[in-house]
Amino acid sequence: MAIPTNQTAATAIAMTLPYTATQIDIDLATPTPQCDVWYSYTAAADGVVGMLVENPGSILNYYANLTVWVGPVGSLALYLGGFFALQWPIYHSVAAGTTYYYRVRNHWLFTPDPNTSIDISFLPAPAGPLSVGAILINDDSEGFPAAILSQTTGLVTSYVVNVVAGEAGDVLPTGEILLEDVYASPAPTVNLYTPTVEFVQSIDIGALNGWFYPTVIRTHNPSNKWYVGVQGQTVPATDAFVTTVNADGTIGGTTWTLPSIGLVGLSVNNAETILYYTGQGTVPPGGPPSTGGVLASPVQRWDLVNDLPLSDLAAGVVDYFNYDTMVLADDTILQLYIHTSETDAFVRRYSTAGAVLNTYTIPVTNANFALPRLAYASNPATFWLMWVADDATPGLGIIQNIRISDGAIITDLRSYLYSGGEFSDWNPVGDRFGRSGSCPFLILRGAAPGAGSETEVLIPRRLRRAPHLSTEQLWNFYHQFQLDLETGLGTTTGQGVDPQIMLRYSDDGGHTWSHDIFVSAGPLGQYKRRAIWRRLGRSRDRIFEIVYSEPTPLRLVNAYLQVTGGTS
């Protein structure tokens, strides 16, 4: 076996993208357990790079740890790291002209076997154009970009680099974006961006009343400005402060002081006379409810004209935390609730008198991984909701556009997540790029009238489930599942251009399910496209299920399965 020559930064292999390599016989440091290989990349332009380390053998042979470095070889500075990155793709921003050094080493607990091999691949991320109606999800980790997702597929179409890291943000009807800078020092700031996510200016809100992180940001659509709230600096914090930021980045002339601990949600009625807000004890936004907080916190109101408290809009809900608040175009109020178990959540719509008008359920959630979020839609008859599926499908994000009047789901998207730049699910390793798991999501707005608005068409969710597949409880090995259907019926624009079919399976009688696996049913005219899922693992008792939520016909003919029976 050839001995790797790239054991130091000085001997790093210089790459052009895309790049793939196999390193064999890296057990050179035995009995010292740390075994390194190095790579370097000089960015030709600003962008995003993805990396994947795979071990064809046992995971314990080389449990990869990744760090990224910048600077002269003799005095490198840590840029990102250390991610335990085996079979978990990593992504990060790169700046034109900068050279990045990647050190890949095994976890110190595991010494590689002789002739251990690892497969390493680097590739550029998607870089498609921005479009109104697309979904922007920011990251709260420095060095990682904001992801732009398609509103029709939920897949990442591009990234925006050099966007401030933070948990709070919102977008105006004219398209301008305001994002929190969670790492600003010594005083907190918010950053203003154009509708195409180009930086405009940093706005210092820390000079007002000694404010400090956390920050809450919510757009006021009629006035085309933001209301920004932060918790007071005293410990324990007993006050929150709210002010406004205009579309041009100027700060409003009024500051309101609220007797609130742990401000987590705020929104203002259309007349700008009443502020609705919620608190959560000592829990900062972005922190899971399990870190502490006040249960059954009410939805509170503040008189913005007379600067006085008003009676609560609604009492708290037993065993639930309040987290997000949003006033709609008809002045009704959405309030997001998360159960103490963090596996259950729902959204409630209130009238201005506090009557419950609608309850929108979230079937399962993993709030410990990422808290659910609300977002304004281009179509005022709908709103957007994002949450993370439970532990049965780790890393699966659900993004839905919901009709306000009856809760009908207009758009239903699935998007796998990264946390701090690291992919959160073990299985679909071919997907190098996803979006952040815990941060705000916004719907890009501000185009010509009518452009980018969510379509007010109810798309049916069609589901088919197969019977149990079992051979006397022996192992069955599933090589391929093919769905025989009429393909090539995609739409010309919008949702359904590349219609997706979802497959999942259960190996315990339907109690828990695998992650969702999508394949294309074929864009318009691709009549020979086949819908095939491969490498589906093994089971003693398997149930397959398919779901189709596209505005195109679903014409099923048959289904075929390639399976090998086991002997034990």
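Residues numbered from 1 in each chain as written. Predicted model: local features only at pLDDT ≥ 70, side-chain atom pairs only at ≥ 80, totals over all residues. Heavy atoms only, no water.

Pulling in residues and values, what's your account of the overall build of the protein?
When you go through the protein residue by residue, the secondary structure sums to zero helices and 43 strands. The buried share of the protein, taken over its 568 residues, is 55%. Counting only contacts in the protein whose residues sit at least 6 apart along the sequence, the fraction spanning at least 24 positions is 62%. (Helix = DSSP H or I, 4+ residues; strand = E, 2+ residues; numbered from the N terminus. Buried < 20%, exposed > 50% of the residue type's maximum accessible area, 1.4 Å probe, protein only. Contact = heavy atoms within 4.5 Å.)

Summarise the environment of phenylalanine 144; cite the residues concerned and give the values.
Checked against the element boundaries, phenylalanine 144 lands in the loop between strand 10 (135–137) and strand 11 (146–149). Take phenylalanine 144: its relative accessible area is 5%, and that puts it in the buried class. In sequence terms phenylalanine 144 and tyrosine 159 are 15 residues apart; their C-alpha atoms lie 9.5 Å from each other.

Let's hear about the nonpolar core: which residues, and what values?
In summary, soluble globular proteins display a tendency toward joint burial of nonpolar side chains. If you look at the biggest cluster of nonpolar residues, it comprises 24 residues, and the most contacted ones within it are Tyr39, Met51, Tyr102, Val104, Ile120 and Phe122. Of all the elements in the fold, those that place two or more residues in this core are strand 2 (19–24), strand 3 (36–42), strand 4 (47–54), strand 5 (64–70), strand 7 (90–94), strand 8 (99–106) and strand 9 (117–124). Ignoring any residue separated from it by four or fewer positions in sequence, one finds tyrosine 39 in contact with Asn6, Ala12, Ile13, Met15, Tyr19, Ala21, Gln23, Tyr100, Tyr101, Tyr102, Ile120 and Phe122. In this structure, Ala345, Ile362, Leu374 and Leu385 belong to the second largest nonpolar core, which totals 23 residues. (Core = buried A, V, L, I, M, F, W, Y, C linked by side-chain atoms within 4.5 Å.)

Quick rundown of the sheet that holds strand 10? Include the residues and the values.
Reading across the sheet, the four strands line up as 12-11-10-35 and stay open at both edges, with antiparallel pairing between neighbours. Sheet topology places strand 12 (156–160) and strand 35 (441–443) at the edges, where each strand pairs with a single neighbour. Pairwise comparison of adjacent strand axes, ignoring direction, gives a mean angle of 25° for this sheet. Pairing of strand 10 with strand 11, which is carried by three bridges, proceeds in the antiparallel orientation. Among the inter-strand pairings, isoleucine 137 is bridged to a residue of strand 11, identified as alanine 147. (Pairing = 2+ DSSP bridges. Axes fitted to C-alpha atoms, helices over the stretch in contact; angles between N-to-C directions.)

Break down the side chain of serine 40 for me, with residues and values.
Tracing the backbone through its elements, the reader meets serine 40 in strand 3. Looking at serine 40, the relative accessible area reads 9%, which means it is buried.

Could you give an account of the sheet that holds strand 36 (residues 462–465), with specific residues and numbers?
Ordered by their spatial adjacency, four strands build an open sheet running 36-42-38-39, and the pairing between neighbours is antiparallel. Only two strands of the sheet have a single neighbouring strand rather than two, namely strand 36 and strand 39 (517–520). Here the average twist between neighbouring strands, direction ignored, is 25°. Sheet topology places strand 36 next to strand 42 (residues 543–548); four bridges connect them, and they run antiparallel. Bridge pairing in strand 42 links arginine 464 to isoleucine 546.

Please provide a residue-by-residue account of the pattern of salt bridges, values included.
Evaluated as defined, the whole model comprises 13 salt bridges. Among the ionic pairs, aspartate 170 bridges to arginine 218, the shortest N-O distance being 3.3 Å. Placement of the pair is aspartate 170 in strand 13 (residues 169–171) and arginine 218 in strand 17 (residues 212–220), with a sequence separation of 48 residues. Of the two residues, aspartate 170 and arginine 218, both sit in the buried class. (Salt bridge = Lys/Arg side-chain N within 4 Å of Asp/Glu carboxyl O.)

Let's hear about the side chain of asparagine 138: which residues, and what values?
Summarising the element assignment, asparagine 138 is placed in the loop between strand 10 and strand 11. Looking at asparagine 138, its side chain comes within polar contact range of the main-chain oxygen of valine 164, at 2.8 Å. The residues contacting asparagine 138, other than those within four sequence positions of it, are Ala146, Val163, Val164, Ala165, Gly166, Leu179, Ser436, Cys439 and Pro440. (Polar contact = N/O pair within 3.5 Å; in protein donor to acceptor, adjacent residues only side chain to side chain.)

Would you mind going over the packing of aromatic side chains in detail, with residue names and values included?
For the structure shown, the criterion picks out 13 aromatic pairs. Seen in terms of ring centroids, tyrosine 337 and phenylalanine 346 are 5.0 Å apart; in terms of plane orientation they differ by 25°. Their pairing is stacked. Judged by its relative accessible area of 10%, phenylalanine 346 is buried. Centre to centre, the rings of tyrosine 360 and phenylalanine 383 are 5.1 Å apart; their planes meet at 70°, and the pair counts as edge-to-face. Here tyrosine 360, found in strand 28 (residues 356–362), pairs with phenylalanine 383, found in strand 30 (residues 382–388); they are 23 residues apart in sequence, far enough to count as distant. Its relative accessible area of 0% is what places phenylalanine 383 among the buried residues. (Phe/Tyr/Trp six-rings, centres within 6.5 Å; stacked < 30°, edge-to-face > 60°.)

I'd like to hear about the pairing of strand 25 (residues 320–327), residue by residue, with values.
Counted residue by residue, strand 25 has eight buried out of eight residues, so it is predominantly covered. Bridge count for strand 25 against strand 26 (residues 333–339) is seven bridges, and the pairing is antiparallel. Its bridge partner lying in strand 26, aspartate 324 is registered against leucine 336.

Any chance you could break down the confidence of the model for the protein for me, citing the residues and the numbers?
Residues of the protein with pLDDT of at least 70 account for 80%, and the chain-wide mean is 81. In the predicted structure, residues 281–293 sits below a pLDDT of 50 and forms 39 contacts with residues beyond four places in sequence or in another chain. Predicted confidence for residues 447–453 stays below pLDDT 50, and this span has seven contacts to residues more than four positions away or in other chains. (pLDDT = per-residue confidence, 0-100.)

Pulling in residues and values, what's your account of the pairing of strand 14 (residues 177–181)?
Most of strand 14 sits out of view: five of its five residues are buried. Burial along strand 14 is two-sided: Ile177, Leu179 and Asp181 facing one way and Leu178 and Glu180 facing the other are all buried. Sheet analysis places strand 13 next to strand 14, joined by three bridges and oriented antiparallel. For aspartate 170, the partnering residue across the bridge sits in strand 14 and is leucine 178. As consecutive antiparallel partners, strand 13 and strand 14 are separated by five residues, and within that stretch glycine 175 has a phi angle of approximately 105°, a positive value. Looking at chain direction, strand 14 and strand 15 (residues 189–193) are connected through five bridges and run antiparallel. Residue leucine 178 lies in a different strand from strand 15, and its bridge partner there is leucine 192.

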